[in-house]
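An overview of the molecular structure
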Amino acid sequence: MRLTTATAIAALTLGAFGAQAQDKTVKIGNLNDMSSLYADIGGPGSTLAAQMAAEDSGLVAKGWKIEVIGGDHQNKPDVGGSIARQWYDVDNVDLIVDTPNSGVALAVSQITKDKNRVFLNSGAASSDLTGKACSPNTIHWTYDTYALANTTGKAVVKAGGDSWFFLTSDYAFGHALERDTEAVVLASGGKVAGKVRHPLNTPDFSSFLLQAQTSKAKIIGLANAGGDTTNSIKQASEFGIASGGQQLAALLLFVNDVHALGLNVAQGLTFTESFYWDLNEQTRGFSDRFAKRSKGGAKPSMVQAGTYSAVLHYLKALEALGGNPKDGAKVVAKMKEMPTDDPIFGKGTIRQDGRKIHPVYLFEVKKPAESKGPWDYYKLKATVPADEAFRPMKDGGCPLVKG
Amino acid sequence: MFGIPTQALFSQLLLGLINGSFYAMLSLGLAVIFGMLNIVNFAHGALYMMGAFVAWFLLNWFGVNYWGALVLAPLVVGALGVVIERTMLQRLAGLDHLYGLLLTFGLALIIQGGFQNVYGSSGQPYAIPPQLTGGQNLGFMFLPNYRAWVVVFSLTVCLATWFAIEKTSLGAKLRAATENPTLVRAFGINVPLMITLTYGFGVALAGLAGVLSAPINQVRPLMGADLIIVVFSVVVIGGMGSIMVSIVTGFALGICEGLTKVFYPEASNIVIFVIMAVVLLIKPAGLFGRAA
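Computed from a predicted model, the values in this text were never measured in an experiment.

1. Notes on the overall build of chain B
Tallying secondary structure elements over chain B gives 11 helices and 2 strands in all. Ordered by position from the N terminus, the helices and strands of chain B form the series α-α-α-α-β-β-α-α-α-α-α-α-α. The 292 residues of chain B split such that 51% are buried. Put simply, 76% of the contacts in chain B that link residues at least 6 apart link residues at least 24 apart.

What follows is the structure, given as structure tokens:
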């Protein structure tokens, strides 16, 4: 009799655990800059991308319940951190996606690890996310400062731009981008003539541009992003930087930036991205569907497209696990085990250090005469294969990488 | 010996002057409004942004160029100011400053939010008018023609405003109406109308500054929000309510900020606040302000 009772209890307990493993609810939080200089690059568009991934996963039809919410971190690590904590502790969010601004991203990555959830970063750039700050709960999805530096930096030095002056956004992202680019420039035989660090969200760059002008460097490397980059480029053209024989290298430029600048000002810039809406049939298909639902019919940025790809793969992993195990490290391990395949990046893989790899592209902004209309902005100059685009795993210093 | 540093110094002084001209025009509008209406107009930044957007609308929807916008945009923004004053601010007359501040701050959030919802945050391009492209090589720096125009034009506007308020009979009536509205009304002067027009004029100045800045910056919904806090500090440093003081402080602080960008660029966005804190500690009424 006692034995049967014990068996019954065991069976019940197992049953309860079994049911938990079959939990088919998922809550996804897009933690983003919803209102400031990065809001067009990520922002509400990333919430839309995550929603589209949830719809396209086909899981809803199979009885899953997927909810996507959004939050505004205002580019402040403390604000982002407290939203992340609230989402994890109170709102039962399983996954935080996108999160541009490396400062916020590094904070959220740490919190995600402590709470054992999942963080799929698309928008932040710092290569430290898969380097010394890597985590078993974080995957860095779309691009990073190393890939940008390695592609644009190399190409520019090769084309004769061997002396550089950096205009750097003064926080984690700018510092990482400057560091990685400087390393590439020096390794390719170039030199760095000087650098100046400007506060995030600076309206007037004329003073910094003038300092760059006096440095006589051939290349002015813009280690900034979003509104800061567009303002630097616009004001550089006003101050006649190009006619003085100096060239701009926009180390991070998004399609929305080019759209905002207009081709007259942006033409001829070379830069690196891992996604452009007009690359192939798949990217065009996704982008058309996206633009039908986005604000002002905007095409997806690399960051938004990456968010879609990341959420899609996450949901595939959950399906393969047969339910939501509510164990972040376990889900991420499963994601790394499975090869990725989606309309955004094609086939790819996720490395042990949390780096998602796929090809990256060197683009040039078209001349106004070459463009067929709004959003037709890029010419493909070169493709860097996935295994060469990102930092070799052994050089990152990630403690997760063994051997 | 001082060759290169002097060059750098001159050019940064000049750039500071250019930025200062925006501070001057905006803080002038604030000072006029505060002086006449006793209202801390937090919507000033949003109306500055609207000035830039009206210029953009005029160009893209109606084909009106920069010069047309320079006249029309301030009128449009000023008219909106008149509506705001008549329908909302007027009801707050005689109440604590805090009410006006809250109302205008709320208005600013609504206007900015509305524009952001439609136009996003990256903004719209606005080209420099063809007559003012290019620039002059001054020896120590390359000065874009457009920036030179900004300094000259805004200085003219500032001085004209000062003259109108301090030296004309209309200005005298305005100042009298601020001191003692009941008495001035007894002379048969329509004081409420005067106050409405003053508010309209103050925000028209903001709209004008917006048009001036459109070709330099992107036309962005948040362009005013980024600037307005700095402009308020300028007003606080100078002392609220005086017109000449706000002009001078605007230019002077532009120069301070410009110099910081050379010596310690990382601090360039806080230097004005540091100055404000120091001034408030030493002279709470502002550098040139009279203690209440």
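Having seen the model, we can carry on.
2. A word on the overall build of chain A
Secondary structure summary: chain A contains 14 helices and 15 strands in total. The C-alpha atoms of chain A give a radius of gyration of 22 Å, which matches the 22 Å a tight globule of 403 residues would have. By its C-alpha atoms, chain A is 95 × 45 × 35 Å across when sized along the principal axes. Looking at the 403 residues of chain A, the share that counts as buried comes to 58%.

3. Describing the domain arrangement of chain A
Residues and elements named next belong to chain A. What the domain assignment reports for chain A is domain 1 (19-143 + 280-358) and domain 2 (146-273 + 360-389). Of note, the centres of domain 1 and domain 2, computed from C-alpha atoms alone, are 27 Å apart. Taken together, the contacts link 23 residues of domain 1 with 24 residues of domain 2. The leading source of residues in the side of domain 1 that touches domain 2 is helix α4 (residues 102-115), at 3 residues. Among the residues forming the side of domain 1 that touches domain 2, the class breakdown is 10 nonpolar, 10 polar and 3 charged.

4. Topic: the interface of chain A and chain B
In this complex, chain A contributes 35 residues to the contact, which on the side of chain B involves 32 residues. Of all elements in the fold, only β7 (191-198), α7 (206-215), α8 (227-238) and α9 (255-261) of chain A reach the threshold of two or more residues within the side of chain A that touches chain B. At 6 residues, α8 of chain A tops the list of elements feeding residues into the side of chain A that touches chain B. Along the lines of polarity and charge, the residues of the side of chain A that touches chain B split into 11 nonpolar, 16 polar and 8 charged.

5. Focus: helix α10 (residues 243-263) of chain B
End to end, α10 of chain B covers 31 Å across 21 residues, agreeing with the expected 30 Å (1.5 Å per residue, within 8%). Of all 21 residues in α10 of chain B, 15 are buried; the element is thus mostly enclosed.

6. Overview of the sheet that holds strand β14 (residues 360-365) of chain A
Residue and element names in this part refer to chain A. The strand order across the open sheet formed by 3 strands is β10-β14-β15, and the pairing between neighbours is antiparallel. For this open sheet the edge positions go to β10 (270-273) and β15 (378-384), each flanked by a neighbour on one side alone. Each adjacent strand pair in this sheet contributes to an overall mean axis angle of 30 degrees, direction not counted. With 4 bridges joining them, β10 and β14 adopt antiparallel strand pairing. Residue pairing across strands places threonine 270 opposite glutamate 364, the latter belonging to β14.

7. Looking at the environment of serine 126 of chain A
Residue and element names in this part refer to chain A. Topologically, serine 126 is positioned in the loop between β4 (118-121) and β5 (138-140). Spatially, the C-alpha atoms of serine 126 and tyrosine 146 are 8.0 Å apart, while their sequence positions differ by 20 residues. Aside from chain neighbours lying at most four places away, what touches serine 126 is Ser102, Leu106, Asp144, Thr145, Ala172, Phe173 and Ala176.

8. Quick word on the pairing of strand β12 (residues 346-350) of chain A
Residue and element names in this part refer to chain A. In this structure, strand β11 (residues 340-342) lies alongside β12, joined through 3 bridges in antiparallel fashion. Bridge pairing links threonine 340 to glycine 348 in β12. From the end of β11 to the start of β12, which pair antiparallel, there are 3 residues. The hairpin formed by β12 and strand β13 (residues 356-357) contains 5 residues between the paired strands, and glycine 354 there has a positive phi angle of roughly 90 degrees.

9. A closer look at the packing of helix α3 (residues 77-89) of chain A against α4 of chain A
Residues and elements named next belong to chain A. The contact between α3 and α4 brings their axes to 8 Å, and the two run at 25 degrees. Relative to α4, the element α3 lies roughly parallel. In terms of crossing hand, the pair formed by α3 and α4 is right-handed. Residues Pro77, Gly80, Gly81, Ala84, Arg85 and Tyr88 of α3 pack against Gly103, Val104, Ala107, Val108, Ile111 and Lys115 of α4. Among the residues making up the contact of α3 with α4, the classes are represented as 7 nonpolar, 3 polar and 2 charged.

10. Concerning the environment of valine 279 of chain B
All names here are of chain B. Tracing the chain through its elements places valine 279 in helix α11 (residues 271-282). When the C-alpha atoms of valine 279 and glycine 238 are compared, they prove to be 9.0 Å apart, with 41 residues separating the residues in sequence. Ignoring anything within four residues of it in the chain, the contact list for valine 279 reads Ile237, Gly286 and Leu287.

11. Here we look at the packing of helix α5 (residues 145-167) of chain B against α10 of chain B
Residue and element names in this part refer to chain B. At a minimum axis distance of 9 Å, the contact between α5 and α10 shows a crossing angle of 165 degrees. With respect to α10, the axis of α5 lies roughly antiparallel. Our pair here, α5 against α10, has a crossing hand that is left-handed. Two secondary-structure elements touch here, α5 through Cys158, Thr161, Trp162, Ile165 and Glu166 and α10 through Ile243, Met244 and Ile247. Per-class residue counts for the contact of α5 with α10 are 6 nonpolar, 1 polar and 1 charged.

12. Some remarks on unusual backbone geometry
Although it is not a glycine, aspartate 98 of chain A sits at a positive phi angle of roughly 70 degrees. Looking at the secondary structure, you find aspartate 98 of chain A in strand β3 (residues 95-98). A positive phi angle, near 60 degrees, is found at asparagine 38 of chain B, a position not held by glycine. Inspection of the secondary structure puts asparagine 38 of chain B in the loop between α1 (3-37) and α2 (44-62).

13. Thoughts on the pairing of strand β1 (residues 25-32) of chain A
All names here are of chain A. Across the 8 residues of β1, 6 count as buried, placing the element largely inside the fold. In terms of strand pairing, β1 meets strand β2 (residues 65-72) through 8 bridges, oriented parallel. Looking at the pairing, threonine 25 lines up with lysine 65 of β2. The parallel pair β1 and β2 is bridged by helix α2 (residues 43-56), and the resulting crossover is right-handed.

14. Things to note about α5 of chain B
Counted at 1.5 Å a residue, the expected span for α5 of chain B with its 23 residues is 33 Å, and the 32 Å between its end C-alpha atoms agrees. By the burial criterion, the buried members of α5 of chain B are Tyr146, Arg147, Val150, Ser154, Val157, Cys158, Thr161 and Ile165 of chain B.

15. Some thoughts on the sheet that holds strand β9 (residues 247-250) of chain A
All names here are of chain A. The parallel open sheet is built from 4 strands, whose spatial order is β7-β6-β8-β9. Both outer strands of the open sheet, β7 and β9, are each paired with one neighbouring strand and no more. The mean angle between the axes of side-by-side strands here comes to 20 degrees, regardless of whether they run parallel or antiparallel. When strand β6 (residues 163-169) meets β7, the two strands line up parallel, connected through 7 bridges. Counted as the bridge partner of serine 163 is lysine 191 from β7.

16. What to know about the confidence of the model for chain B
Mean pLDDT over chain B stands at 87; residues scoring 70 or higher make up 97%. Both scores are given for the predicted complex: the pTM is 0.84, the ipTM 0.80.

Calculation rules
Residues numbered from 1 in each chain as written. Chains lettered and ligands numbered in written order. Predicted model: local features only at pLDDT ≥ 70, side-chain atom pairs only at ≥ 80, totals over all residues. Helix = DSSP H or I, 4+ residues; strand = E, 2+ residues; numbered from the N terminus. Buried ≥ 20, exposed ≤ 12 C-beta atoms within 10 Å, placed from the backbone. Contact = placed C-beta atoms within 7 Å. Rg over C-alpha atoms; globule rule 2.2 N^0.38 Å. Domains from an automatic or database assignment. Nonpolar A, V, L, I, M, F, W, Y, C, P; charged D, E, K, R; others polar. Expected span 1.5 Å × (residues − 1). Pairing = 2+ DSSP bridges. Axes fitted to C-alpha atoms, helices over the stretch in contact; angles between N-to-C directions. Parallel < 35°, antiparallel > 145°, perpendicular 65-115°, else oblique. Left-handed = near helix turned anticlockwise from the far one by under 90°. Right-handed = clockwise from strand over helix to strand, strands pointing away. pLDDT = per-residue confidence, 0-100.

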